[in-house]
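# Fold and contact review
Take a look at the letters that make up each chain.
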Amino acid sequence: MQSARPPPEPAPASSPLSCAPRASCIEQLSQGAPLLCITLMHWLAPLGSMPARTAATLAGQMATATAQTTLDIQAARQQASFDPDTLNHLLSAGSRDQTLRRRVADVLARDPRFDKTPRPYLSRAQQIERGFRLTRDLFAVVDENNWNAQEYAAALSLVDEPIGLNLHEIAFTPVIETQGSDEQQREWLPKCYSHEILGCYLQTELGHGSNVQQLETTATYDAALDEFVLHSGPISATKWWIGALGLMSTHGVVQARLILNGQDKGPHLFIVQLRSIDNHKLMPGIEAGEIGPKVHGAMAGVDNGWARFDRVRVPRKNMLSRFAKVEPSQNGGGGAEYVQPPHSKLSFGGMVYIRAQMIGSLAWQLARATTISTRYLHMRRQFANPEASSGGGGPREQQVIKYPSVYMRVIPQIVNAYVFISAGKEMATLYRTMSTQLAAGETTLLAETHAISSGLKTYVSSNVVEGVETVRRAMGGHGFLASTGIGRIYATELPSTTYEGDNFILNLQVARSALKAFTNLVTAKAPREALSRLTPSSAYLATLAPPPTLPLQLPSTLESWKDHSLLQRLLSLRAALTVARVARMMEPQGGKKFGDLSWECVALSEAVVEAFLAKVMVDALAEGGSLAQAAGSNEHQVLKQVVAFFLLHRVQKAVPALLELGIIASPPPPSFAPPSATSRAEAAPALEVLRDALDKQARVLLPELVGLTDAFGFSDWELDSVVARDGAVYERMLAKAKADEKLNIGEAADQKRLYAEYIKPVLQRGRRINAHQGKNSARL
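What counts, and where the lines are drawn
- Residues numbered from 1 in each chain as written.
- Predicted model: local features only at pLDDT ≥ 70, side-chain atom pairs only at ≥ 80, totals over all residues.
- Heavy atoms only, no water.
- Helix = DSSP H or I, 4+ residues; strand = E, 2+ residues; numbered from the N terminus.
- Areas by Shrake-Rupley, 256 points an atom, 1.4 Å probe, with all protein chains shown as cover.
- Phe/Tyr/Trp six-rings, centres within 6.5 Å; stacked < 30°, edge-to-face > 60°.
- Buried < 20%, exposed > 50% of the residue type's maximum accessible area, 1.4 Å probe, protein only.
- Pairing = 2+ DSSP bridges.
- Axes fitted to C-alpha atoms, helices over the stretch in contact; angles between N-to-C directions.
- Parallel < 35°, antiparallel > 145°, perpendicular 65-115°, else oblique.
- Contact = heavy atoms within 4.5 Å.
- Nonpolar A, V, L, I, M, F, W, Y, C, P; charged D, E, K, R; others polar.
- Salt bridge = Lys/Arg side-chain N within 4 Å of Asp/Glu carboxyl O.
- Left-handed = near helix turned anticlockwise from the far one by under 90°.
- Polar contact = N/O pair within 3.5 Å; in protein donor to acceptor, adjacent residues only side chain to side chain.
- UniProt positions renumbered as here; feature names shortened; annotations may be inferred.
- Patch = residues over 30% accessible without salt bridge, like charges linked within 9 Å, V, L, I, M, F, W, Y side chains within 5 Å.
- pLDDT = per-residue confidence, 0-100.
- Core = buried A, V, L, I, M, F, W, Y, C linked by side-chain atoms within 4.5 Å.

Of the regular secondary structure elements, the chain holds 27 helices and 13 strands. Approximately 34,800 Å² of the chain is accessible, and the part contributed by carbon and sulfur atoms is 54%.

Here it is, written out as structure tokens:
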């Protein structure tokens, strides 16, 4: 992402990457032929190296018959009513240059330095070393191919390995770009872009994560030496969880409370050298190390670290000072003057940026998981096939994807991926606009960006983690196999729900923003004028002016339930009245304070975010919208079906809230009497029609699923799964197990030793027991 200010003059460098304009390169961080017609080596590419005998056996199997799983996935692909490549172009526009990504991916896939095969078999220390090796080799391939900054960013994301270098790009450099003065940018950004220095972002502490205002690391200004004294103090002030701090980083942006003339000015940002450029030793007064392995062995290649500062001196010029400044006193008294920032939350801009790019990144990871699962579920067959049993011919077992209990779990996740990708691009656009305004001293978008990024971060991360696990479980037992690839996605994205602390804390920030917007609307003397000032994140409040007549009359036909405007209105009313309900609870007669309502704020936050997402998607499909302007009629039609399912699914889930808030009337209880001619003629209750409409919409999308996931554009190398584009999943699983046998249970000599030392004594013990007591009385 571009700096808010013109980029500094590039310094001489040997690599075309050095000091290149970043443009959209950081955004990219967030971001075939029939089987028998391709070569065996290409077909086996996702399996890594394979013994020649195994490959030959597999080639023989392939020559005799095409696997049923291959026929199934090919048939499913042909059912798509649209062109996946056209849809891919639309999804990727503005965030992922797919032509560039495919070209870069092709280079990496052929390069043995980026082989993914060993990953599950490495120890923690080996994973860390692999991360550093990938960092070195990444820059080597950049130089060898003369890649620019955009190609480098694509390569970094395609490496598909959480490594410390990512933190330099998304958490260190962007903070200097947005928070540094012109002079500081000229000094530091050339070193960041060329990687002469490697950085991290030191915010969270052992005792404080979400509560940034109470961070305990201090930076006390020493006017006599014109320096800040950085100090950790209590153990709880230890910086913790800091990616790339454990070993890699030479520098860091440290968030610390500024103490000036004895007054606490709150958190500010300081560039601190952590390690020597000459020998990488820690600088005087700094202790640092690695915090250890994470849950599920995830992100093992990232050296998350800790650090403590013992009165470390930092020059005054190292305080990032685009907005807040400390300047020597002009009266000659030896003190200092504080230049107040235009907005108290500006120092949190780094975290807002990380949230903004995280949304798109998470969306594409859900897309990746759904691609694997959807393909597998079209290849997998279980239980009787109704067509075959009725004499229609074909395989005797039915494709698993055809069962409602399966597709009603999978379709919502595919749809979520589409919605979240769109929301990610919306968030990126908003952040760019805010950054441009901030550079000109305008802060009006800061609160809106903070509200939307908070809401989307908590909603998208929670739903993506849940969604990845949902589609893994839909695969049955094989989904638990590491070689299918989904488990690793889950483990890698799981911590996103606790970045910056528990997601439930961000729900409170969404609620505060929503309550403020509601209060402004209710207390406005000119309601029409107040409505015109509603931001995208609070547009749902327009449903309250004029006050709606409730309950609403719901449609009684399936087609009427597909009306996007109706479904959007229901979600907007749910959000507005949920906010109004919490506001009433905080009135004097309600007897509650905001701190008492943290659990209520969870539902409020979800309702507000879903109303925002509904608006984003309906607007995107409208004439001139981001999903309408570049798609053909077939692509536009399938996107309408995707959005219809999203809205129906969310409204169906919201039924309890819609009933509780009086937005819809409660249906009559079901009758157990025999149906009469009159009752048969009566229309089904509206909520039953809603349920039927959702089921019908799922069936409309069912033949499109492989095409919809193909449109994400992942290559087999990117997916790193035995569930490949062109099928033969069982053949691949078996070939993978044979190829990795030595990695799993060692060489023949190792296997003999394991038998002799551990298995044989157990068997011999059993024989001794039976020989002594007889088989009928054998016991432990």
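Attention shifts here to unusual backbone geometry. Here the residue pair Ala-545 and Pro-546 is connected by a cis peptide bond, since its omega of 0° sits within 30 degrees of zero. Tracing the sequence through the fold places Pro-546 in the loop between helix H16 (527–532) and helix H17 (564–585). The omega angle of the peptide bond from Leu-550 to Pro-551 is 0°, so this bond is cis rather than trans. In this fold, Pro-551 is placed in the loop between H16 and H17. One non-glycine residue with positive phi stands out, namely Asp-160, at about 60°. Inspection of the secondary structure puts Asp-160 in the loop between helix H7 (149–158) and helix H8 (164–179). Positive phi is not limited to glycine here, since Asn-261 has a value of about 55°.

Enumeration according to the criterion identifies eight aromatic pairs in this entry. Taking 5.5 Å as the distance between ring centres and 20° as the angle between the ring planes, the aromatic pair formed by Phe-139 and Tyr-152 counts as stacked. One end of the pair, Phe-139, is in helix H6 (residues 124–145); the other, Tyr-152, is in helix H7, and 13 residues separate them in sequence. Across this residue pair, the class does not change: Phe-139 and Tyr-152 are buried. Where Phe-504 meets Trp-599, the ring centres are 6.0 Å apart and the plane angle is 10°; that geometry is what we call stacked. Separated by 95 residues along the polypeptide, Phe-504 in helix H15 (residues 503–523) and Trp-599 in the loop between H17 and helix H18 (600–621) bring together distant segments of the chain. On the basis of relative accessibility, which here comes to 63%, the residue Trp-599 falls in the exposed class.

Let's shift gears to the pairing of strand S3 (residues 227–231). Every other side chain in a regular strand lies on the same face of the sheet, so the side chains alternate between the two faces. Pairing of strand S2 (residues 218–222) with S3, which is carried by five bridges, proceeds in the antiparallel orientation. When the sheet's bridge partners are listed, Tyr-221 is paired in S3 with Phe-228. In this antiparallel pair of consecutive strands, S2 and S3, the connection spans four residues, and Asp-226 shows a positive phi of 55°. Bridge analysis of S3 against strand S9 (residues 312–315) gives four bridges, and the strand direction is antiparallel. By the bridge assignment for S9, Glu-227 is matched with Pro-315.

Moving on, we get to the packing of helix H12 (residues 404–439) against H18. Where H12 meets H18, the axes come as close as 10 Å, and the angle between the chain directions of the two elements is 90°. For the element pair H12 / H18, the angle class is roughly perpendicular. Only Phe-612, Leu-613, Val-616 and Met-617 of H18 make contact with H12, whose side of the interface consists of Val-419, Phe-420, Ser-422, Ala-423 and Glu-426. Taken together, the residues of the contact of H12 with H18 break down into seven nonpolar, one polar and one charged.

One open sheet holds the three strands; their spatial order is S4-S8-S7, and the pairing between them is antiparallel. The outermost strands of the open sheet, each flanked by one partner alone, are strand S4 (239–242) and strand S7 (286–290). When the angles between neighbouring strand axes are averaged without regard to direction, this sheet yields 20°.

Time to look at the pattern of salt bridges. Pairing between side chains of opposite charge can happen when the charged atoms of each approach one another. A full pass over the atoms with the stated rule returns 40 salt bridges. The residue Arg-375 makes a salt bridge to Asp-710 at a minimum N-O spacing of 2.9 Å. Residue Arg-375 is located in helix H10 (residues 349–379), and its partner Asp-710 is located in helix H23 (residues 705–710); the two are separated by 335 residues in the primary sequence. A single burial state applies to Arg-375 and to Asp-710, both of which are buried. One salt bridge connects Arg-699 with Asp-695, and the closest N-O pair in it is separated by 3.1 Å. You can see Arg-699 and its partner Asp-695 sitting in helix H22 (residues 686–701), four residues apart, about one turn around the helix. Residue Asp-695 is classed as partly exposed on the basis of its relative accessible area, which comes to 28%. Salt bridges linked by common partners bring Lys-116, Arg-119, Arg-130, Asp-160, Glu-161, Arg-368, Arg-488 and Asp-720 together as one network.

At a minimum axis distance of 9 Å, the contact between helix H13 (residues 446–474) and helix H14 (residues 486–493) shows a crossing angle of 160°. Comparing the axis directions of H13 and H14 gives the class roughly antiparallel. Pair H13 / H14 crosses with left-handed handedness. Judged by residue contacts, Val-465, Val-468, Glu-469, Val-471 and Arg-472 of H13 engage Ile-486, Ile-489, Tyr-490 and Glu-493 from H14. Its residues assigned to classes, the contact of H13 with H14 comprises six nonpolar, no polar and three charged.

Okay, the side chain of Ser-373 next. Counting through the fold element by element, Ser-373 comes out in helix H10. A residue is classified by how much of its surface remains accessible, and Ser-373, at 0% relative accessible area, is buried. Reaching out from Ser-373, the side chain makes a polar contact with the backbone oxygen of Val-471 at a distance of 2.9 Å.

Another point: the UniProt feature "active site" (unreviewed entry) in the chain. In this structure's numbering, the residues bearing the UniProt feature "active site" (unreviewed entry) are Glu-500. Here Glu-500 lies in the loop between H14 and H15. Sequence-distant contacts of Glu-500, defined by excluding residues within four places in its chain, comprise Gly-209, Ser-210, Met-351, Arg-355, Lys-457 and Leu-506.

Another aspect to go through is a nonpolar patch on the surface. Among the surface-exposed residues, Leu-754, Tyr-755, Tyr-758, Ile-759 and Leu-763 lie close enough to one another that they form a single nonpolar patch of about 480 Å² accessible area. Along the chain, Leu-763 turns up in helix H27 (residues 748–773).

Per-residue confidence for the chain gives a mean pLDDT of 87, with 87% of residues at or over 70. Note that residues 1–16 has pLDDT below 50 and, in this model, 35 contacts with residues that lie over four places away or in other chains. In this model, residues 18–56 is a region of pLDDT below 50 whose contacts with residues beyond four sequence positions or in other chains number 104 contacts.

Counting 152 residues, the largest nonpolar core has Tyr-418, Leu-456, Trp-561, Leu-613 and Leu-708 as its most contacted members. Contact partners of Trp-561, with chain neighbours within four places excluded, come to Leu-554, Pro-555, Leu-566, Leu-567, Leu-570, Leu-648, Val-651, Ala-686, Val-689, Leu-690 and Ala-693. Listed in part, the 50 residues of the second largest apolar core include Ala-105, Cys-200, Ile-242 and Ala-288.

Checked against the element boundaries, Trp-147 lands in the loop between H6 and H7. Separated by 43 residues in sequence, Trp-147 and Val-104 have C-alpha atoms that sit 9.1 Å apart.

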